[in-house]
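# Geometric and topological summary
Letter by letter, the chains look like this.
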Amino acid sequence: MIEAEGGSTGVVETGVNVRTDYNQTASVTSSDEDSTGATITYTPFSDSAVIVKVNGLQVNLGDGAKNEACYFSADGGTTAKSSADIAAGDTLYWMGSIAAYELEADDEIDIVYMASSNDV
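Overview of the structure.

So, how was this worked out
- Residue indices follow the written sequence of each chain, beginning from 1 at its first position.
- It should be noted that, the model being predicted, local features are given only for residues of pLDDT at least 70 and side-chain atom pairs only at 80 or more, the latter also being counted only at that level, while totals for whole chains, interfaces and linings use all residues.
- Note: side-chain values were computed over all heavy atoms of the structure, leaving out hydrogens and water.
- Only DSSP runs of H or I reaching four residues or more are called helices, and only runs of E reaching two or more are called strands; each is numbered from the N terminus.
- Only protein chains enter the accessibility calculation, which uses a 1.4 Å probe; a residue whose area is less than 20% of its type maximum is buried, one above 50% is exposed, and one in between is partly exposed.
- Pairs of residues are marked as contacts when any of their non-hydrogen atoms sit within 4.5 Å.
- Here the open area of atoms and residues is found with the Shrake-Rupley method and a 1.4 Å probe, where only the protein chains shown may cover a residue.
- Residues scored as positive are Lys and Arg, those scored as negative are Asp and Glu, and His as well as the terminal groups of each chain are ignored.
- To locate a charge, the coordinates of NZ of Lys, CZ of Arg, CG of Asp or CD of Glu are taken.
- Between rings of Phe, Tyr and Trp, where Trp is taken as its six-membered ring, a pair exists when centres lie within 6.5 Å; planes separated by under 30 degrees are stacked, by over 60 edge-to-face, and by other angles tilted.

### Digging into the overall build of the protein chain
Across its full length, the protein chain holds 1 helix and 8 strands. Each helix (α) and strand (β) of the protein chain, taken in turn from the N terminus, gives the series β-β-β-β-β-β-β-α-β. Its C-alpha atoms give the protein chain principal-axis dimensions of about 55 × 25 × 20 Å. Within the protein chain, buried positions represent 34% of all 120 residues. For the protein chain, the share of sequence-separated contacts (at least 6 apart) that also reach a separation of at least 24 residues comes to 64%. Accessible surface, the protein chain: about 6,500 Å² in total, of which carbon and sulfur atoms supply 46%. Measuring between centres, the 4 positive side-chain charges of the protein chain sit 3 Å from its 20 negative side-chain charges.

Here's what the structure looks like:
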């Protein structure tokens, strides 16, 4: 192991694509702000983009607002997180009235993002 000046290891953190959060089975939804049952495993690297797909089709993700098909929250769906604040363990919530459909038990959710190379 080569140490950099100041005692650090010289290991550079990078963003890596992860497939950890693919093929999550959706919870059945029936109204706005219902939980999808899907969570994000890692905090996205350096505020990188987070893409949500339902059955392989990308849906719009709210950025601190509940004005898109889905949003992440850490407080039971009350507060929509901004994209830059999405963190490991956050849950995805569904806005059926905006998406124009509700989720069913056979729907699959993919959360596509980059995680830190230090996390995976």
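### Comments concerning the packing of aromatic side chains
Under the criterion given, the structure shown has 2 aromatic pairs. Ring centres of Tyr-71 and Tyr-93 lie 5.6 Å apart, and the angle between their planes is 20°; on these two criteria the pair is classed as stacked. Of this pair, Tyr-71 sits in strand E6 (residues 70-73) while Tyr-93 sits in strand E7 (residues 91-94), placing them 22 residues apart in sequence. Pairing Trp-94 with Tyr-101 gives two aromatic rings, centres 5.4 Å apart and planes at 55°, and the pair type is tilted.

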